[in-house]
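Below are the chains, spelled out letter by letter.
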Amino acid sequence: MKRLLLVLFVLLPLCGFAQEVEVRRVEGSISLGASFFEDNFYDSTAGEIGLLSSVELRYNFRSVPMDVGIMSVVDIRGGDCELCNGSWENNLSFLAVTDYNFRRGNKASYFVGAGVGATFYNADTTKLCFMPRVGMEFFNHLRLTMAYMVGPKAKNTLNLTLGVAIGGGRKK
């Protein structure tokens, strides 16, 4: 599986020559959404759905439909569950991200991407994390994203966010 993902991320940029659209180089986004912790997948009594907010800054490449950037994610879940011991659980993540964009600059564009970084759990535990993601951007400003944050022996989450992209879009 890891080899397949690596091959896809290496080969996808080579397919972008037909999508060359002039877009603004730098864009940012602010997103809000919900996070579903992995323990909710198997145990419906494991706690509430988490709240998620993220801030991202990206650089769009000129010759290929890709972007790279940095992302900060805050993820909070309330604690009426046994797993949380009746307290709040919060995660703070910092990631380097990259996306491959389809139909870049159009009214509706799609992207697939990934991020790698560190997650801090309740300010006392730090783990490496990997985040594959897919999403759509509407009217060059409204961004809908689904991501799965996974790490070794970590609390994995499925994240669904709705955000606003500032900058980006077709260059006028």
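Shown above is the structure to which this text applies.
Residues numbered from 1 in each chain as written. Predicted model: local features only at pLDDT ≥ 70, side-chain atom pairs only at ≥ 80, totals over all residues. Heavy atoms only, no water.

Draft legend 1. Expanded view of the pairing of strand β8 (residues 157-167). With 11 bridges connecting them, strand β1 (residues 26-37) and β8 associate as antiparallel partners. The residue bridging I30 from the neighbouring strand is V164, located in β8. Relative to β8, strand β7 (residues 142-149) is paired through 8 bridges, and the arrangement is antiparallel. From the neighbouring strand, M146 faces β8, where its bridge partner is L160. (Pairing = 2+ DSSP bridges. Helix = DSSP H or I, 4+ residues; strand = E, 2+ residues; numbered from the N terminus.)

Draft legend 2. Representation of the environment of V73. In this fold, V73 is placed in strand β3 (residues 66-77). Given a relative accessible area of 4%, V73 falls into the buried group. The residues contacting V73, other than those within four sequence positions of it, are L52, S53, S54, N91, L92, S93 and L95. (Buried < 20%, exposed > 50% of the residue type's maximum accessible area, 1.4 Å probe, protein only. Contact = heavy atoms within 4.5 Å.)

Draft legend 3. Fine view of the packing of aromatic side chains. Applying the stated criterion across every chain yields a total of 3 aromatic pairs. The interplanar angle of 70° and the centroid separation of 6.2 Å between the aromatic rings of F94 and F120 together place this pair among those described as edge-to-face. Taken together, the residues span a long stretch of sequence, with F94 in strand β4 (residues 89-102) and F120 in strand β5 (residues 108-121) at a distance of 26 residues. For F94, a relative accessible area of 42% gives the class partly exposed. With a centroid separation of 4.9 Å and an interplanar angle of 70°, the aromatic rings of Y100 and F102 are classed as edge-to-face. (Phe/Tyr/Trp six-rings, centres within 6.5 Å; stacked < 30°, edge-to-face > 60°.)

Draft legend 4. A look at the nonpolar core. L52, M71, V73, L95, V97, C129, M131, A147 and M149 together form the largest nonpolar core, which totals 9 residues. Of all the secondary structure elements, the ones that give two or more residues to this core are β3, β4, β6 (125-138) and β7. Discounting chain neighbours no more than four positions away, the residues touching M131 are M71, L95, V97, G113, A114, G115, A147, Y148 and M149. (Core = buried A, V, L, I, M, F, W, Y, C linked by side-chain atoms within 4.5 Å.)

Draft legend 5. Region of the structure containing unusual backbone geometry. The phi torsion at F139 lies on the positive side, around 55°, for a residue other than glycine. Given a relative accessible area of 56%, F139 falls into the exposed group. The phi angle at N140 is positive, at roughly 60°, despite the residue not being glycine. When you line up the elements, N140 lands in the loop between β6 and β7. Residue classification places N140 among the buried residues on the basis of a relative accessible area of 15%.

Draft legend 6. Region of interest: the pattern of salt bridges. Counted under the stated rule, the structure contains 6 salt bridges. Across the salt bridge formed by E56 and R58, the nearest N and O atoms sit 3.3 Å from each other. Linking R143 and E137 is a salt bridge whose minimum nitrogen-to-oxygen distance equals 2.8 Å. When its relative accessible area of 7% is taken as the criterion, E137 is described as buried. Each of E27, E56, R58, D99, R133, E137 and R143 takes part in a single network of salt bridges with overlapping partners. (Salt bridge = Lys/Arg side-chain N within 4 Å of Asp/Glu carboxyl O.)

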